[in-house]
Amino acid sequence: MRAAVPFVRRGLTAIGRVALLGILSWPLNIALFILSVLSFALTVVGLGLVLAPLVQLLVRRYADLHRTLAGRWSGIEIPRPYRPLPPKAFVGSPRRWMWLVRDPATWRDLLWLLGGAPVGLALGLIAPVLLVYGLEGVLVVPAIIAAVTDDSGYGVTWPIRNAVDVMSLPLQGALITAGALYAGPWLLWALAQYDRALLGPTHSAELSRRVDRLTETRTQVVDAQAAELRRIERDLHDGAQARIVALGMSLGMAEDLVTRDPVAAQALIAEAREASGKALAELRGLVRGIHPPVLAERGLAGGLEALALTVPLPVAVHADIDGRPPAPVESAAYFAVAEALANVVKHSRASTAWVSLSHLGGAIYITVGDDGVGGADPHAGSGLAGVERRLGAFDGSLSVDSPAGGPTVLTMELPCELSSPRISPSSATG
């Protein structure tokens, strides 16, 4: 009985949602479609320059609502396919009207409105009608049919001839009710699939979007590489290079004093030895900042475990990948996690954190979470923008789930294929 409660709750929730969307789509879709056609038709007398953008703004808000609900209720993400608004394209300007007309998504929205009215109504009515019919068979029909004489029936039992037929009615009603509850989530999913087919970007639009993103990330990578080269040059100039210059001067002075003042020469040589050790340590640190040796020795899983040990709070690491990603991707993932953990230490006020690593469907997925105060925003200068840029260089992405009060969960995706050797699943706490 307890196992049936989630099934009934899930089915009733899905039936209510698909009925709400489907039944309301009939009047709303038809009304918006008629308004859209009229607003474009009135362009011949000038009114369409104002009306068409306003009506399409309403249509796009309505379509955005369906995109949001498809993701929230069915787990189907539908990206917005609209072209960016050109400058000075205010409502009423020919530029705004031409932007709408030339955008293929405008016409796909109209097609979605036209087809969505009957599709939504059909999908929205199937489950509620079946549910009511099934409950009717369980609760109402047997008592009525028992008192009625001729040619009565229910379900597959037509007509009712004897008491055995009457007793089969509740069973048929229960099966129909269960079928309606089972079909509810699938009908909601089918409606979301219809929305994605017309409200999502076309293949060419998706390719164009990816080209734009790659162009943007390429620019960001070039800027980041230039900044990294300047950092390396600055660190070399101010650190190791200065120490090596001082080392050469100390050795030169020691060479002059070795015959006249051996004690002072010995002190200068000791000072030079100390300076050479510091210069070597700085060079090693610089090399680690370019490509950590732990990645070459232990792979990404081992590198993340070693990284967790350097964080001043407990970090649980779980890695489950069968092979190793390419070295550039491995390095990008390592430094992205390092930046994310640095943000945890600086901003989250967390007591614990965790990192998980997996590979699925041709991409690496890394989750970094903490039990802190939440409120992380990639656009608020918290360092997450740097993580996005680092991942974007490899066509990767970052999603942030950080409600106020926490927890914060960052999910990183990096498309890549793995190569051997196998890295066994492991977990560590630092």
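Scroll up a little and you will see the structure.
Residues numbered from 1 in each chain as written. Predicted model: local features only at pLDDT ≥ 70, side-chain atom pairs only at ≥ 80, totals over all residues. Heavy atoms only, no water.

Novice: So, helix 4 (residues 104-139): which residues are in play, and what are the values?
Specialist: For helix 4, built from 36 residues, the straight-helix expectation of 52 Å at 1.5 Å per residue is met to within 8% by its first-to-last C-alpha distance of 52 Å. Structurally, the start of helix 4 carries an N-cap: the backbone nitrogen of Ala105 is 3.0 Å from a side-chain oxygen of Asp103. (Helix = DSSP H or I, 4+ residues; strand = E, 2+ residues; numbered from the N terminus. Expected span 1.5 Å × (residues − 1). Polar contact = N/O pair within 3.5 Å; in protein donor to acceptor, adjacent residues only side chain to side chain.)

Novice: Could you give an account of the environment of Pro104, naming the residues involved and the relevant values?
Specialist: Mapped onto the fold, Pro104 is located in helix 4. The partly exposed category is assigned to Pro104, whose relative accessible area is 41%. Separated by 97 residues in the primary sequence, Pro104 and Pro201 place their C-alpha atoms 9.3 Å from one another. (Buried < 20%, exposed > 50% of the residue type's maximum accessible area, 1.4 Å probe, protein only.)

Novice: Mind laying out the nonpolar core, listing which residues take part and the relevant values?
Specialist: Within the largest apolar cluster, 37 residues are counted, with the highest numbers of intra-cluster contacts made by Leu304, Val315, Val337, Val355, Leu357, Ile366 and Met412. Elements that contribute at least two residues to this core include exactly helix 9 (293-309), strand 1 (315-321), helix 10 (327-348), strand 2 (353-360), strand 3 (363-370), helix 11 (384-392) and strand 5 (408-415). Leaving out residues up to four positions away in the same chain, Leu304 has contacts with Val317, Tyr334, Val337, Val355 and Leu357. Grouped together as the second largest cluster of nonpolar side chains are 20 residues, Val55, Val59, Tyr82 and Leu198 included. (Core = buried A, V, L, I, M, F, W, Y, C linked by side-chain atoms within 4.5 Å. Contact = heavy atoms within 4.5 Å.)

Novice: Please provide a residue-by-residue account of a nonpolar patch on the surface, values included.
Specialist: A cluster of nonpolar side chains, Leu42, Val44, Val45, Leu47 and Leu51, forms an exposed patch at the surface whose accessible area comes to about 460 Å². Within the fold, Leu42 resides in the loop between helix 1 (4-41) and helix 2 (48-74). (Patch = residues over 30% accessible without salt bridge, like charges linked within 9 Å, V, L, I, M, F, W, Y side chains within 5 Å. Areas by Shrake-Rupley, 256 points an atom, 1.4 Å probe, with all protein chains shown as cover. Salt bridge = Lys/Arg side-chain N within 4 Å of Asp/Glu carboxyl O.)

Novice: So what's going on with the pattern of salt bridges? Residues and values would help.
Specialist: Taken as a whole and assessed by the stated rule, the structure comprises 5 salt bridges. As a salt-bridge pair, Arg298 and Glu305 come within 3.4 Å of each other at their nearest N and O atoms. Looking at Arg298, the relative accessible area reads 44%, which means it is partly exposed. Residues Glu330 and Arg324 are paired through a salt bridge, measuring 2.8 Å at the closest nitrogen-oxygen approach. Beyond isolated ion pairs, a larger network of salt bridges with shared partners links Asp64, Arg67 and Arg80.

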